[in-house]
Amino acid sequence: MFLRVFQQTNAELLKGRGGGFRVQRGERFRVFRKSQSVKRGAVVASAHEEGLRLLPIFRVAAYHYVFFLEFFDESLLDDMFSGYFMDPIPKFMKSNACYNLNSGWTNAAWQCTYGYVYTEVQKAEKNFYGNDNLKGYLGITEILKVELMHRIADTYGPLVYHQLGETPRVYGQQEAYTRFFADLDEGQQLIREYLDEGGDNNKFKEYDMLTNGKTLKEWLKFANSLRLRLAMRISNVDATLAKDQATKALNDNQGVLEGARETIAVMGKNYINPLCAVAGWGEVYMNASMESIVNGYEDPRGKKWYNTALLEGYQKQLLGIPIGLPMKDGDANIYSFCSSLNTSTIG
């Protein structure tokens, strides 16, 4: 029901009705609507009405991280295998935590991305390309598309990209990454053209949920940092392309994200990090791999990310939980004394 409501609401937003949303601890998804009368495809004069009509693409980024995906894709899949976090609940040990993959959990990111999130990218490209007034918005769309889909490529490998109609085309990772770089080029070009033509740098300030300053120039900087991330990820397989793209990112006049206040994260609109919601269930703890790295390098960030252990004699230390523990439903949770997520800094 929750997903159907989201899909229906996004359809209504494209017609011109919209509003904010929030994710609270222990809750699913609350959608608030405001009545607007904007015809599909019409170019409206009111910036407020136009923003409401265009809001779905900003929701794309937010929805990709709401706790439905956070729980199934992140907490029970990526976070375990990447070594960031571990779920200490014994009943989950028989599945992903012991490499006995639960298909529902491992498929969640793919199904939700193509079923409910990428569709908004397609709608934006279909309905708004060719509208000079919306070049900035389309530039954001292309950047968000890469941010969204490179996660899918890195999780699953081959993916369907661009042609999602009756004849979908599957891209291997090498081709997908090449296309990611091209789409970042296009996104940045659209934003620059819009600004060069006198467009408002703060046009989407009221609806931008990801950047601190909420300006289009920050999206250019985000694209550069995203380009640098992708370049690093291919550096061992295509050093030449990686060097070209990294150089391009670093030499761009907008620069890359560097300061603490330049973080790209879903924020505002009463939004709470869904990782904190899952942590509230007692299911987000430090992974033993992260313990080894943080303690080994004496990384001061460790105690910003995790709470110190509760085990007597180790209260000032960070203790992680190894993946692959032989536990089953009904066993005592003997790892609850380890280091849990520090929600005061993550949230």
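Residues numbered from 1 in each chain as written. Predicted model: local features only at pLDDT ≥ 70, side-chain atom pairs only at ≥ 80, totals over all residues. Heavy atoms only, no water.

1. Topic: unusual backbone geometry
Rules: Numbered from the N terminus, helices here are DSSP runs of H or I no shorter than four residues, and strands are runs of E no shorter than two. Each residue is placed in one exposure class: buried if its accessible area under a 1.4 Å probe, protein chains only, is under 20% of its type's maximum, exposed if it is over 50%, and partly exposed if it falls in between.
With phi around 55°, K214 is a residue other than glycine that occupies positive phi space. With respect to the helices, strands and loops of the structure, K214 is situated in the loop between helix 7 (173-196) and helix 8 (216-233). Positive phi values are uncommon outside glycine, yet E298 reaches one of about 50°. Structurally, E298 is set in the loop between helix 11 (288-296) and helix 12 (302-305). The exposed category is assigned to E298, whose relative accessible area is 68%.

2. Quick look at the confidence of the model for the protein chain
Filter applied, for reference: Across the chain, each position has a pLDDT score giving the predictor's confidence in that residue, from 0 to 100. Throughout, a contact is declared for two residues whenever any of their heavy atoms are within 4.5 Å.
The predicted model of the protein chain has a mean per-residue pLDDT of 78, with 77% of residues at 70 or higher. Overall, residues 1-52 carries pLDDT values under 50, and its contacts beyond four positions in sequence, including any with other chains, amount to 109 contacts.

3. Digging into the packing of aromatic side chains
Keep this limit in mind: Note on aromatic contacts: the rings of Phe and Tyr and the six-membered ring of Trp form a pair at centre separations within 6.5 Å, being stacked when their planes are under 30 degrees apart, edge-to-face when over 60 apart, and tilted otherwise. The rule is short: NZ of Lys or CZ of Arg within 6 Å of the ring centre and within 35 degrees of the ring normal puts a charge over the ring.
Applying the stated rule across the entire model yields twelve aromatic pairs. Between Y118 and Y161 the ring centres are 6.4 Å apart and the planes differ by 55°, which places this aromatic pair in the tilted class. Residue Y118 is located in helix 5 (residues 103-128), and its partner Y161 is located in the loop between strand 4 (159-160) and strand 5 (170-171); the two are separated by 43 residues in the primary sequence. Among the residues examined, Y118 registers a relative accessible area of 1% and is labelled buried. Connected via pairs of aromatic rings, a cluster forms that spans W110, Y114, Y118, Y156, Y161, Y171, Y177 and F180. The ring of Y171 has R169 lying over it, and the distance from NZ or CZ to the ring centre is 4.5 Å.

4. Observations regarding helix 11
Heads up, the rule is: The term polar contact refers here to a pair of N or O atoms within 3.5 Å; inside protein, the definition further demands a hydrogen-donor-capable atom paired with an acceptor-capable atom, and it admits residues adjacent in sequence only when both atoms are side-chain atoms.
Near the N-terminus of helix 11, the side chain that reaches the backbone nitrogen of S289, with its oxygen 2.9 Å away, is that of N287. At the exit of helix 11 stands E298, carrying a positive phi of roughly 50°.

5. Observations concerning the pattern of salt bridges
In plain terms, the rule: Put simply, a salt bridge is a Lys or Arg side-chain nitrogen that is within 4 Å of an Asp or Glu carboxyl oxygen.
The tally for this structure, following the rule as stated, stands at 15 salt bridges. The partner of K135 in a salt bridge is D132, and the shortest N-O contact between them spans 3.9 Å. For D154, the salt bridge identified is with R233, shortest N-O distance 2.5 Å. One end of the pair, D154, is in helix 6 (residues 135-156); the other, R233, is in helix 8, with 79 residues separating them in the sequence.

6. Describing a nonpolar patch on the surface
Here is the rule we go by: Only residues above 30% relative accessible area that lack a salt bridge enter a patch, with like-charged residues linked at up to 9 Å and the nonpolar side chains Val, Leu, Ile, Met, Phe, Trp and Tyr linked at up to 5 Å. Each accessible area is a Shrake-Rupley estimate made with a 1.4 Å probe; only the visible protein chains count as cover when residues are assessed.
A surface patch of nonpolar side chains, about 320 Å² in accessible area, is lined by F81, Y99 and L101. Here F81 shows up in helix 4 (residues 67-82). F81 sits in the partly exposed class, given a relative accessible area of 36%.

7. With respect to the nonpolar core
Going by this rule: Here, the term nonpolar core denotes a set of buried Ala, Val, Leu, Ile, Met, Phe, Trp, Tyr and Cys residues that are joined through side-chain atoms within 4.5 Å.
Within the largest apolar cluster, 46 residues are counted, with the highest numbers of intra-cluster contacts made by M149, L159, Y161, F180, I191 and W219. The set of elements that each furnish at least two residues to this core consists of helix 5, helix 6, strand 4, helix 7, helix 8 and helix 9 (239-251). For this core, the leading source of residues is helix 6, giving ten residues. If we skip the residues at most four places from it in the chain, I191 touches K135, G136, G139, I140, I143, L216, W219 and L220.

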